[in-house]
Amino acid sequence: MEEHIISKKTVAFLRNLIFGVEDSLVSTVGLLSGIAVAGSSRNTIFLAGVGLIFVEAFSMGVGSFISEHAVESYTSKEKADHSHTTLGGVVMFVSYFFAGFIPLVPYMIAKVDTAFWLSIAGSLIALFGLGVLTGKLFRLNIWSRGFQMLILGGIAIMLGVTVGKVVEIFLR
């Protein structure tokens, strides 16, 4: 049986890439969907989405760097090479930033009612694709990983929509 060994830098890269894309898709579409069902304007939805993407991409990148740096410092007996912690933070920032535009772009080009469904559909397709890619990279069942990511992301989206509906009822 062929052994599959992945370097520390590759693991840091893949962990941050997968986490960044998944978290961005789910957080952004959940927020945008919740705001949309609450009856907000397209401009408000767009502003919230852009704000979320910029702030969270930076926060997630810094959080990845800080947490991986602390773990590496703690577990390393010698002077640690922190180049992969820096790489991890950059990958987290970039992956979160660009993935966030998948659910946001529909609100830039379509009316809110249409954008709502396009945003959700695009995010679910991207989540399924991310799951398939993860399965392929780690030699796991690609369909199982794809549907796992799709279902868990779908639950998060439903949560965002539900919160938006509940808050909208209280704001009346």
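Residues numbered from 1 in each chain as written. Predicted model: local features only at pLDDT ≥ 70, side-chain atom pairs only at ≥ 80, totals over all residues. Heavy atoms only, no water.

A. Highlighting the overall build of the protein chain. When helices and strands are counted, the protein chain shows six helices and zero strands. Listing every helix and strand of the protein chain by position from the N terminus yields α-α-α-α-α-α. Summarising its shape, the C-alpha atoms of the protein chain cover approximately 60 × 35 × 30 Å along the three principal directions. The buried share of the protein chain, taken over its 172 residues, is 38%. Here the contacts in the protein chain between residues at least 6 apart in sequence split such that 73% fall between residues at least 24 apart. For the protein chain, the computed accessible surface area is about 10,000 Å², with 71% contributed by carbon and sulfur atoms. (Helix = DSSP H or I, 4+ residues; strand = E, 2+ residues; numbered from the N terminus. Buried < 20%, exposed > 50% of the residue type's maximum accessible area, 1.4 Å probe, protein only. Contact = heavy atoms within 4.5 Å. Areas by Shrake-Rupley, 256 points an atom, 1.4 Å probe, with all protein chains shown as cover.)

B. Here's a closer look at the pattern of salt bridges. Per the stated rule, a full pass over the model turns up one salt bridge. Note that Glu-68 is salt-bridged to Arg-15, the shortest N-O span being 3.5 Å. On the criterion of sequence distance, the pair formed by Glu-68 in helix α2 (residues 42-75) and Arg-15 in helix α1 (residues 8-37) is long-range, its members being 53 residues apart. (Salt bridge = Lys/Arg side-chain N within 4 Å of Asp/Glu carboxyl O.)

C. Region of the structure containing the nonpolar core. Ranked by internal contacts, the top residues of the largest apolar core, which has 22 residues, are Ala-36, Ile-45, Tyr-107 and Phe-116. Mapped by element, the contributors of at least two residues to this core are α1, α2, α3 (83-99), α4 (101-109), α5 (112-137) and α6 (142-171). Setting aside residues no more than four positions away along its own chain, Ala-36 makes contact with Ile-45, Tyr-107, Val-112 and Phe-116. Among the nonpolar cores identified, the runner-up in size contains eight residues, and Val-21, Leu-25, Val-26 and Leu-130 belong to it. (Core = buried A, V, L, I, M, F, W, Y, C linked by side-chain atoms within 4.5 Å.)

D. Structural detail: the side chain of Ser-64. On the secondary structure map, Ser-64 appears in helix α2. Overall, Ser-64 belongs to the buried group, its relative accessible area being 6%. In contact with Ser-64, not counting residues within four places along its chain, are Asn-16, Gly-88, Gly-89 and Met-92.

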